[in-house]
Amino acid sequence: MSGAAFAESSLFKSRWVDILGRFLALVVVFVFFAVLVEGGKFYTLRNLENILRQSAVYATAGLGMTLVIIAAGIDLSVGSMIALSVITVAATLNWGGATGAATVASADAHYFVYQHPALASIMAVAAGVGAATLAGLANGCLIVGLRLMPFIVTLGTMGVIRGLAKGMANERDIYPPESTWIGSLMDPTLTSKTSSGWLLPTGVWILIGGVLVTSFLLRYTRLGRHIFAVGSNEETARLCGVRVGLTKLIVYTLCGFFCGVAGLMQFSYIGGVGQPTTALTYELFVIAAVIIGGASFTGGEGSVLGTLIGALTITVLYTGGQQMGWPKWVQEMVIGGIIIAAVALDRVRHRQST
Amino acid sequence: MTNRLEMHGVRKCFGATRALAGVDIKVAPGEVLALVGENGAGKSTLMKVLSGAHTPDAGEMFLDGEPYRPGNPLRARESGVAMIYQELSLAPHISVMENILLGVEPSRGPLLDWRTMRRRAARALHEVGLDHVDPSTPVRRLSIAQQQLVEIARAVALECRVLVLDEPTSSLTLPDIEKLFELIRNLKARRISIIYISHFLEEMQKISDRFTVLRDGQTVGTGITRETPVERIIALMVGRDVDELYPRTSRMPGEVILEVKDLAGEGKPTAASLALHRGEVFGVAGLVGAGRTELLRSIFGLAPVRRGDIRVAAYSGAAPPHKRWAQRVGMVSEDRKAEGLALGLSIADNLTLARLDGLGPWRLVFPSRQRAACRPWIEKISIKCAGPRQQLADLSGGNQQKVAIARLLHADVDVLLLDEPTRGIDVGSKAQIYQLIDELAMRGKAVLIVSSYLPELLGACDRIAVMCRGRLSETRPRADWDERQLMLVATGQEES
């Protein structure tokens, strides 16, 4: 290949051009709705903030899914792990905030927590994120330890974890006694007069932090290089001394962790209620966000920034469709079609560049 | 009498590679023709031409005097040319009878005629001596030897005229081989012509009437097996000059750095012992499937060790790959595509993957430093590329292989395990790799090469051992070997 020809193709293939392309697609979709939705309602500050709040849950869970898909895996249990986190948070808050209901053995601890409401919130966060992380670890153990297909394992745990969440909640919504800062993670700040947040909802800041950390992990740590290697060619990774099993275990555990964090956001987004049926079918949105973001199902490819753009694109389509007054079935068809179009476009682009 | 099958001047090129450069073959009805040649002589391409998978660029083929031009494998099968490949091509989950009549199922209108199917399958099974096998058994329940017979039964059921067997004994036990030979004699009696491809010259002497030798894609000799001494056949197979490809500075072997004692893996190897010194290039010869690759993989921790000891410098025992790298042992895989390299990643990622140390502070890995670490190697062993960012899939085979070897250089290993390091690459790249191996040995590194290409082993190695059916022969200095000797030991003609 001559130098000039390569310069072109390297520009064509460069990460930033790729991300820019996806960003432009997002802008086009946004402008489409901005023009078509009546009365300029689509580009109000309130609506923009809503889009951000809504996409934060997908995008945060998407961080973990990005790692999993780069490592040539898949995790169908993210929706259930988010729900597990939501229920665990609500149940812990309930325990911390409730008076009198505690057993004798835990009475002292219970009273102590009751006296310090901040402690209850911290415990709830730890329990929620911890539960989802453990669920992710279990996924990883099954996949690595029993050498099962990730698709099958997580299809199973999707049901198991959802069932667990429902069982913990007795199949009813849990209403924690008082409002906590967890419950206000996703409260609007841009458009609220009473807000004390910095410009954006706290949850969105958490997402931004997560994006930075995960990007850094993928790009500058050996774990990141190993994840790409395992996804691109597992045999090569093994030959080069990468501990393939350990890498996968970490990846699925991290996916659980990010679902736990997404669960905190979801808890707040649905109004501080522990709903066992929340985040149903979110795995599809999350996977779609990662794929629209440029990750390849065959592994070895993908980026955190792409996933963020993917999550925003899906949310814009979703809210846009709603505000256009499209019936739900049209929305579903449009989003499905966009996913297929995005993947088909990637395929064409790949063929051209190799 | 017309020949059953004739091939005249068959040629086939793939890009710049000449796979077949003029092949002539004749088989009479009821005759067994042995087709022999070293790895890469063009046997498998010839099979593919015969089976219709490849269309020849030039040449003619005749089947019973009629021009034979199969456009695809199905047509070849319909014309009566059947192939039994080394890798069996049965569908493991479906029944024996469905496998036998796959694609030609008898039917009554839109429905399958199970009764006819069973009857025809049973008859075919009887012909190959599998009377006791129920035609409705799923194929996966049968042994490998039985599966092979089912494949032959498939050919018989289709009333084939020419049966091609590719290395049919490579995974069979001795009694099964005897049974197979018995069957071949029966098929001969039915005037079926058989082309028998094998590395094992003893077998070919036992079963064949005539032989044809291929070398570098050409027919270089043919004759009657009974009247030809085996030495003559080997001479025809290898007859090449060792040219000046192999630079060789005088080296002084140092202390032993890798010692393998009576190593046995799962299946193969069954018994292998060797001692590799610093500053030495050690060759392992043998046929494909003899257990050479498995030997390297067991040493490197990619395959299980069942018995024996592996000692690397001060470390003893089996160890997984990440420990081997830490012990400064590195390996190049024989299969670049499936294992050796991640073709979707960049040169920089591939080259540095085995050692990501020192590429940033706090054990971090900076992509810019990864690229910087690659540049000296790209220059030193002249990897033709646009830069370290380039995707590996864009490189030629030779340059990909250089990246695979450069990975070991970057990791600065002391022991290099190279499995077929020059397979499928151009002569220019080969020469550079030999030069590099020589240089490494001079700097006190130890190199273990597995290769099927004998001139390469004789040219580049200091000492050589031969693997045959899982056993490694004694090690002898290069000067004590010649191609004929290596071939004799590799084909099990001679204990060394």
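Residues numbered from 1 in each chain as written. Chains lettered and ligands numbered in written order. Predicted model: local features only at pLDDT ≥ 70, side-chain atom pairs only at ≥ 80, totals over all residues. Heavy atoms only, no water.

> Quick one: what's the story with the overall build of chain B, residue by residue and with numbers?
Per the secondary structure count, chain B includes 17 helices and 23 strands. Against the 2.2 N^0.38 benchmark of 23 Å for 496 residues, chain B shows a C-alpha radius of gyration of 25 Å, consistent with a compact globule. With respect to the three principal axes, the spread of C-alpha positions in chain B is 75 × 55 × 45 Å. Looking at chain B as a whole, 55% of its 496 residues are labelled buried. A sequence separation of at least 24 residues applies to 66% of the contacts in chain B between residues at least 6 apart. Working note: accessible area of chain B is about 21100 Å², and carbon and sulfur atoms make up 50% of it. (Helix = DSSP H or I, 4+ residues; strand = E, 2+ residues; numbered from the N terminus. Rg over C-alpha atoms; globule rule 2.2 N^0.38 Å. Buried < 20%, exposed > 50% of the residue type's maximum accessible area, 1.4 Å probe, protein only. Contact = heavy atoms within 4.5 Å. Areas by Shrake-Rupley, 256 points an atom, 1.4 Å probe, with all protein chains shown as cover.)

> I'd like a rundown of the domain arrangement of chain B, residues and numbers included.
Residues and elements named next belong to chain B. Examined at the domain level, chain B breaks down into domain 1 (5–238) and domain 2 (256–490). Relative placement of domain 1 and domain 2: their C-alpha centres are 35 Å apart. Of the residues lining the interface, ten residues belong to domain 1; the matching set on domain 2 comes to nine residues. For the pair domain 1 and domain 2, the summed buried surface comes to about 1100 Å²; carbon and sulfur atoms form 60% of the total. In this assembly, domain 1 and domain 2 are joined by one salt bridge. The closest approach of N and O atoms between Glu203 and Arg469, which form a salt bridge, is 3.6 Å. There are zero residue pairs in polar contact (both at pLDDT 80 or more) connecting domain 1 and domain 2. For the side of domain 1 that touches domain 2, the elements supplying multiple residues, two or more each, are α7 (201–207) and α8 (230–238). (Domains from an automatic or database assignment. Buried area = accessible area lost by both parts, 1.4 Å probe. Salt bridge = Lys/Arg side-chain N within 4 Å of Asp/Glu carboxyl O. Polar contact = N/O pair within 3.5 Å; in protein donor to acceptor, adjacent residues only side chain to side chain.)

> Break down the environment of Phe200 of chain B for me, citing the residues and quoting the values.
Residue and element names in this part refer to chain B. Relative to the helices and strands, Phe200 is located in the loop between β10 (193–197) and α7. The exposure class assigned to Phe200 is buried, which follows from its relative accessible area of 10%. In this structure, the C-alpha to C-alpha distance between Phe200 and Val489, residues 289 residues apart in sequence, is 11 Å. Those residues in contact with Phe200 that lie beyond four places of it in its chain are Glu167, Thr169, Leu287, Arg469 and Thr491.

> Outline the interface of chain B and chain A, listing residues and values.
Contact with chain B, which involves 32 residues of that partner, is made by 25 residues of chain A. With both chains or domains summed, chain B and chain A bury close to 2400 Å², and 61% of this area falls on carbon and sulfur atoms. On the surface where chain B and chain A come into contact, there are two salt bridges. Here chain B and chain A share ten residue pairs in polar contact (both at pLDDT 80 or more) between them. Within the residue set of the side of chain B that touches chain A, elements represented by two or more residues are α10 (321–326), α11 (336–340), α12 (347–352) and α13 (367–380) of chain B. The element contributing the most residues to the side of chain B that touches chain A is α11 of chain B, with four residues.

> Describe in detail the sheet that holds strand β16 (residues 305–312) of chain B, supporting the description with residues and values.
Residues and elements named next belong to chain B. The four strands lie next to each other as β14-β13-β16-β17, forming an open sheet whose pairing is antiparallel. Looking at the sheet topology across the chains shown, the edges are occupied by β14 (272–277) and β17 (315–316). Summarising the sheet, β16 and β17 pair through two bridges and their orientation is antiparallel. For Arg311, the partnering residue across the bridge sits in β17 and is Ser316. Along the sheet, helix α9 (residues 292–300) contacts β13 (256–265), β14 and β16; its crossing angle with β13, the most-contacted strand, is approximately 115°. (Pairing = 2+ DSSP bridges. Axes fitted to C-alpha atoms, helices over the stretch in contact; angles between N-to-C directions.)

> Report on the side chain of Arg297 of chain B, specifying residues and quantitative values.
All names here are of chain B. With respect to the helices and strands, Arg297 occurs in helix α9. Judged by its relative accessible area of 19%, Arg297 falls in the buried class. Within the structure, the side chain of Arg297 is placed 2.7 Å from the side chain of Glu339, a separation counted as a polar contact. Apart from residues no more than four positions distant in its own chain, Arg297 is found in contact with Leu302, Ala303, Met331 and Glu339.

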